Amino acid sequence: MSEFRKPILRSSLLTDDCEQDKDYKTLETSKQLIDELLYIYYGYDASFLPYTHDEIITENGKQYRYNPKAGEAFIDDLINTIDEQYWRNFPLPDELFDKFNDDTIQFYRAFLYLAIRIASIKITVKKPEGHHEDVGNGTFRDLITLTHSLCVPYSERGFHRRFEIGIPDNKLPNLFFDIQTICRALGKENSFLHTSTSAEEQETAYREDSEEELNHIRMISYEQGIDIDQLKASEQYLKETAQFYRNKENEDLMKQLKDFEDADTFIMKATTYRDLLFRYNTHDTEEYIETALKLFLLRNRLSVLSTEDGCKKSHKDISSTIDKLREIKDNNNM
């Protein structure tokens with residue numbers, strides 16, 4: 001074999017479970033370190049609460065109450081920065097006005113409002129598998145986390161069929177789950193979702209879902225040799241148990257959010273978000289918002305990059321680290 005064509009030293013076929021666990025743990029640790037570096041670098045751990053909330057001293061210590069006027073001013077600034085990005089990306093007026101129209105602005109405003117409200121309260125509920133990391137600390141890091149949860153892996157038609165009609169899946173994806181959790185605690189569950197377009201659409205979807213559930217039970221009954229009526233009873237018990245805990249969870253949430261400020265606006269923004277998301281369900285949208293947050297941090301002296309001296313020192317340190325990592329990699333290949 002020539003020196004050009006290198007042999008594969010390790011492959012999945014020759015890697016045992018212990019080695020695989022170690023490899024994945026190494027990658028996860030590395031990701032955490034890189035993420036932490038970026039959070040510090042851009043200033044994500046800074047709090048946005050001083051720009052959107054009032055600080056109130058109570059018997060239990062400091063509390064923060066959402067201030068609609070302050071929140072609106074903060075959102076205005078971020079929208080102006082997003083507008084700035086569109087002007088840079090679409091210098092031809094016709095193309096710009098087609099991309100950054102009234103609906104576009106309303107969508108961004110809705111998302112930013114919802115993200116600010118969700119990121120400023122700690123909600124302890126059981127989340128679907130794969131949901132984003134916990135938020136509620138009132139930091140830009142939380143806003144970035146929610147920004148990365150903006151897109152959903154569904155078309156509008158697919159989302160409507162699975163979560164809004166028939167026997168709806170109550171584990172809504174990404175930011176929709178957070179929105180639904182708060183709406184449920186406010187007594188407005190599903191208020192922002194779209195209803196069926198007709199009784200026939202709902203009846204057809206419900207019949208299809210019921211048949212699918214029954215076929216699933218039949219398959220398990222056949223494979224495991226369990227009586228189908230017994231299996232149905234077991235499935236019903238599990239549903240009722242899950243609903244019991246869900247109701248208990250909601251009671252606790254209602255107590256926590258009994259003084260939730262600006263609730264009507266939250267519902268309205270949630271509705272706007274649902275109405276418009278599928279026009280902007282792309283990672284480009286996430287990038288516009290993330291860049292606006294980075295620029296806000298930079299321009300308000302909350303980032304390492306906020307000063308020329310900070311830029312120079314951080315760039316020098318990062319360049320030095322890159323050189324050291326390159327040296328380690330080269331030594332590994334010797």
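Since the model is a prediction, treat every value here as computed from it, not as a measurement.

### Looking at the overall build of the protein
Here comes step 1: Of regular secondary structure, the protein possesses 13 helices and 2 strands.
Here comes step 2: Each principal axis of the C-alpha distribution contributes one length, and for the protein these read about 70 × 65 × 55 Å.
Here comes step 3: Taking all contacts inside the protein whose residues are at least 6 apart in sequence as the whole, residues at least 24 apart take part in 69%.
Here comes step 4: Put simply, the protein shows about 21,700 Å² of open surface, and 52% of that area lies on carbon and sulfur atoms.
Here comes step 5: Across the protein, the 43 positively charged side chains and the 63 negatively charged ones have centroids separated by 4 Å.

### Details of helix H8 (residues 175-185)
Here comes step 1: Burial runs high along H8: 11 of the 11 residues are buried.
Here comes step 2: For H8, the secondary structure elements touched by its buried residues are helix H5 (102-119), helix H6 (140-147), helix H7 (156-163), helix H10 (228-256) and helix H11 (263-276).
Here comes step 3: Just past H8, the residue Gly187 takes up positive phi, approximately 75°.

### Thoughts on the environment of Thr104
Here comes step 1: Residue placement: Thr104 occurs in helix H5.
Here comes step 2: Placed 20 residues apart in sequence, Thr104 and Glu84 show a C-alpha to C-alpha distance of 14 Å.
Here comes step 3: Sequence-distant contacts of Thr104, that is, excluding residues within four places in its chain, are made with Tyr86, Lys99 and Tyr280.
Here comes step 4: Among the polar contacts listed, one links the side chain of Thr104 to the backbone oxygen of Lys99, at a separation of 2.8 Å.

### Re the side chain of Asp209
Here comes step 1: Counting through the fold element by element, Asp209 comes out in helix H9 (residues 199-224).
Here comes step 2: Setting aside residues no more than four positions away along its own chain, Asp209 makes contact with Arg161, Ile165, Gly166 and Ile167.

### Thoughts on the pairing of strand E2 (residues 61-66)
Here comes step 1: Examined bridge by bridge, strand E1 (residues 53-58) and E2 share 6 bridges and lie antiparallel to one another. Bridge assignment links Thr58 to a residue of E2, and that residue is Gly61.
Here comes step 2: Connecting the antiparallel pair E1 and E2 is a turn made up of 2 residues.

### Things to note about the pattern of salt bridges
Here comes step 1: In the structure shown here, the tally under the stated rule is 27 salt bridges.
Here comes step 2: The shortest N-O distance in the salt bridge between Glu249 and Arg184 comes to 3.8 Å. Of this pair, Glu249 sits in helix H10 while Arg184 sits in helix H8, and the two are 65 residues apart along the sequence.
Here comes step 3: For Arg184, a relative accessible area of 8% gives the class buried.

### Considerations on the packing of aromatic side chains
Here comes step 1: For the coordinates displayed, the defined rule picks out 26 aromatic pairs.
Here comes step 2: With a centroid separation of 5.1 Å and an interplanar angle of 40°, the aromatic rings of Phe159 and Phe163 are classed as tilted. With a gap of 4 residues between them, Phe159 and Phe163 both fall in helix H7, about one helical turn apart.
Here comes step 3: Its relative accessible area of 0% is what places Phe159 among the buried residues.
Here comes step 4: A relative accessible area of 3% places Phe163 in the buried class.
Here comes step 5: The lysine or arginine in question, Arg117, covers the ring of Tyr66, its NZ or CZ lying 4.3 Å from the ring centre.
Here comes step 6: Its guanidinium or amino end placed over the ring of Tyr42, Lys294 lies 4.3 Å from that ring's centre, counting from NZ or CZ.

### A short note on the side chain of Ser149
Here comes step 1: Position of Ser149 among the secondary structure elements: in the loop between H6 and H7.
Here comes step 2: Classification of Ser149 by relative accessible area gives buried; the value is 7%.
Here comes step 3: With residues up to four places along the chain from it excluded, the contact list for Ser149 reads His132, Asn174, Leu175 and Glu286.

### Describing a negative patch on the surface
Here comes step 1: A surface patch of negative charge is lined by Asp16, Asp17, Glu19 and Asp21.
Here comes step 2: For Glu19, the location among the structural elements is in helix H1 (residues 17-42).
Here comes step 3: A relative accessible area of 32% means that Glu19 is categorised as partly exposed.

### Things to note about the nonpolar core
Here comes step 1: Membership of the largest hydrophobic core comes to 69 residues, with the highest contact counts inside it found for Tyr108, Ile118, Phe140, Leu143, Ile179, Phe266 and Tyr273.
Here comes step 2: Only H1, helix H3 (68-89), H5, H6, H7, H8, H11 and helix H12 (283-299) provide two or more residues apiece to this core.
Here comes step 3: Looking at which element gives the most residues to this core, the answer is H5, with 11 residues.
Here comes step 4: Not counting residues within four places of it along the chain, the set of residues in contact with Phe140 comprises Tyr44, Ala46, Ser47, Phe48, Phe74, Leu293, Phe296, Leu297 and Leu302.

### Considerations on a nonpolar patch on the surface
Here comes step 1: Residues Ile34, Leu37 and Leu38 make up a contiguous nonpolar surface patch of roughly 260 Å² in combined accessible area.
Here comes step 2: Turning to its location among the elements, Leu37 is positioned in helix H1.
Here comes step 3: Taking relative accessible area as the criterion, Leu37 reaches 46% and is therefore assigned partly exposed.

Basis of the calculations
- Residues numbered from 1 in each chain as written.
- Predicted model: local features only at pLDDT ≥ 70, side-chain atom pairs only at ≥ 80, totals over all residues.
- Heavy atoms only, no water.
- Helix = DSSP H or I, 4+ residues; strand = E, 2+ residues; numbered from the N terminus.
- Contact = heavy atoms within 4.5 Å.
- Areas by Shrake-Rupley, 256 points an atom, 1.4 Å probe, with all protein chains shown as cover.
- Lys, Arg positive; Asp, Glu negative; His and termini not counted.
- Charge placed at Lys NZ, Arg CZ, Asp CG, Glu CD.
- Buried < 20%, exposed > 50% of the residue type's maximum accessible area, 1.4 Å probe, protein only.
- Polar contact = N/O pair within 3.5 Å; in protein donor to acceptor, adjacent residues only side chain to side chain.
- Pairing = 2+ DSSP bridges.
- Salt bridge = Lys/Arg side-chain N within 4 Å of Asp/Glu carboxyl O.
- Phe/Tyr/Trp six-rings, centres within 6.5 Å; stacked < 30°, edge-to-face > 60°.
- Lys NZ or Arg CZ within 6 Å of the ring centre and 35° of its normal.
- Patch = residues over 30% accessible without salt bridge, like charges linked within 9 Å, V, L, I, M, F, W, Y side chains within 5 Å.
- Core = buried A, V, L, I, M, F, W, Y, C linked by side-chain atoms within 4.5 Å.

Structural measurements only, silent on function.
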